[in-house]
Amino acid sequence: MAAAAALILAALLGLAASSSVSSFPAGSPGELRSRVQVLGGSNWSLVLQGQWMLEFYAPWCPACQQIEPTWESFAKESEHLDITVGKVDITQEPGLSGRFFVTTLPTIYHANDGVFRRYRGSRTLEDLQGYVLERKWEAVEPVAGWKSPSSIMMHGMAGLFHLSGWIRQIHSYLTGTLGMHVWVSYAIFILATLLIGLFLGLILVLISDCLCPSKARHAVETSEEAITKDDVENAALEEPEEAAELLADDAEEAADVKDLSDGEDAAHSSADDSEEDLALAKESGEEEMEDLSEQPAADAETESSVRQRKSQAADSGL
């Protein structure tokens, strides 16, 4: 009897557990827990249609745990407010946290047909209901287009957050399952980063080598044409200058030739003058010699005449 009672009790507990699980599912994306719709990477695009209030939370966040009952009560009033209330667990959906650029917890967004606005008001039930009923969201500036969750940039941001989650899982596997030291895991990631960077750099170099030659050749041809055109223009500009310089050079050469001929004439004339001077000097020298040769004879004649006069005077005295 006791064994039968135990089996019956176990069956009843199993039924109760299964009913509780069906009433409160584990919160997989797209399923309803109470009236709050859980969103994930596969169904987040639902917020692009209709009016939504979306909360980003984490199970370990105290503020998120504090607002959870209020959020559940707000979801119960969603039918009267003509709004859908949803939430995203960032620990399970890092891509969505990157797509919405969630930096604080909890973060609440209002969405109306794909236009997103950040809710920064009080987190009480009355303020949340008044935000929707009184359309206070119309006074809030919407998120810029380039930061919108549906933009290309935020698609890339979601990919980066996915990558960070994947890296975190690998780090946990290396340090937890394999028992590696934390610094060994860091060294592995650093080495992997360097190798990936070198590989991507090699790919970029190959792509640039394939794409750039035609452009470089065109640039070279264009530069050669430009150089040829500049040379022609410079030659056209330099021709008058060269002609003027040639004329100036010819004039200088003619002047030099004239100066040389004048110098030769002057040299010839000076040579002739010097020859004449030499001839004159020679003649004057000969005349002086003749004068010098004639001077003793004259002196002798003078002495003889003086002697004759003295003799005559002596004779007359006697």
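Residues numbered from 1 in each chain as written. Predicted model: local features only at pLDDT ≥ 70, side-chain atom pairs only at ≥ 80, totals over all residues. Heavy atoms only, no water.

S.K.: Whenever I open this one, the nonpolar core confuses me. Can you help?
M.R.: Burial of nonpolar side chains together is a common tendency in soluble globular proteins. Core analysis: the biggest nonpolar cluster contains 18 residues, and Val-47, Leu-54, Phe-56 and Phe-100 have the highest contact counts within it. At the level of elements, strand E3 (51–57) and strand E5 (107–112) are the ones that each hand at least two residues to this core. Of all the elements, E3 adds the most residues to this core, at 4 residues. Residues in contact with Val-47, not counting those within four places in the same chain, are Leu-39, Trp-52, Leu-54, Phe-100, Ala-111, Gly-114 and Phe-116. Grouped together as the second largest cluster of nonpolar side chains are 15 residues, Trp-71, Ala-75, Val-132 and Trp-137 included. (Core = buried A, V, L, I, M, F, W, Y, C linked by side-chain atoms within 4.5 Å. Buried < 20%, exposed > 50% of the residue type's maximum accessible area, 1.4 Å probe, protein only. Helix = DSSP H or I, 4+ residues; strand = E, 2+ residues; numbered from the N terminus. Contact = heavy atoms within 4.5 Å.)

S.K.: Which parts of the structure should I look at to understand the environment of Gly-114?
M.R.: Here Gly-114 is to be found in the loop between E5 and strand E6 (115–119). For Gly-114, a relative accessible area of 21% corresponds to the partly exposed category. Once you skip the residues sitting within four places of it in the chain, Gly-114 turns out to touch Val-47, Leu-48 and Ser-148.

S.K.: What should I look at first to understand the environment of Gly-86 in this one?
M.R.: Position of Gly-86 relative to the elements: it lies in strand E4 (residues 84–89). Sequence spacing of Gly-86 and Met-53 is 33 residues, and the spatial spacing of their C-alpha atoms is 6.3 Å. For Gly-86, the residues in contact, after removing those within four places along its chain, are Val-36, Gln-37, Trp-52, Met-53, Leu-54, Glu-55 and Trp-71.

S.K.: I keep staring at the pairing of E4 and nothing clicks. Help me out?
M.R.: Where a strand is regular, its side chains alternate between the two sheet faces. Within E4, 5 of the 6 residues are buried, which leaves the element mostly enclosed by the surrounding structure. Of the strand pairs in this sheet, E3 and E4 are connected by 6 bridges, and their pairing is parallel. Note on E4: the bridge partner recorded for Trp-52 is Thr-84. (Pairing = 2+ DSSP bridges.)

S.K.: Got a minute to help me understand the packing of aromatic side chains in this structure?
M.R.: Within the structure shown, the criterion is met by 8 aromatic pairs. Ring plane angle 85° and centroid distance 6.2 Å describe the contact between Phe-56 and Tyr-109, whose orientation is recorded as edge-to-face. Taken together, the positions of Phe-56 in strand E3 and Tyr-109 in strand E5 put the pair 53 residues apart, joining distant regions of the chain. Grouping residues by exposure puts Phe-56 and Tyr-109 together as buried. Ring centres of Phe-100 and Phe-116 lie 5.5 Å apart, and the angle between their planes is 80°; on these two criteria the pair is classed as edge-to-face. (Phe/Tyr/Trp six-rings, centres within 6.5 Å; stacked < 30°, edge-to-face > 60°.)

S.K.: Hey, could you run me through a nonpolar patch on the surface in this one?
M.R.: Together, Ile-196, Phe-199, Leu-200, Ile-203, Leu-204, Ile-207 and Leu-211 make up an exposed nonpolar region whose accessible area comes to about 680 Å². If you trace the backbone, Leu-211 turns up in helix H7 (residues 182–317). (Patch = residues over 30% accessible without salt bridge, like charges linked within 9 Å, V, L, I, M, F, W, Y side chains within 5 Å. Areas by Shrake-Rupley, 256 points an atom, 1.4 Å probe, with all protein chains shown as cover. Salt bridge = Lys/Arg side-chain N within 4 Å of Asp/Glu carboxyl O.)

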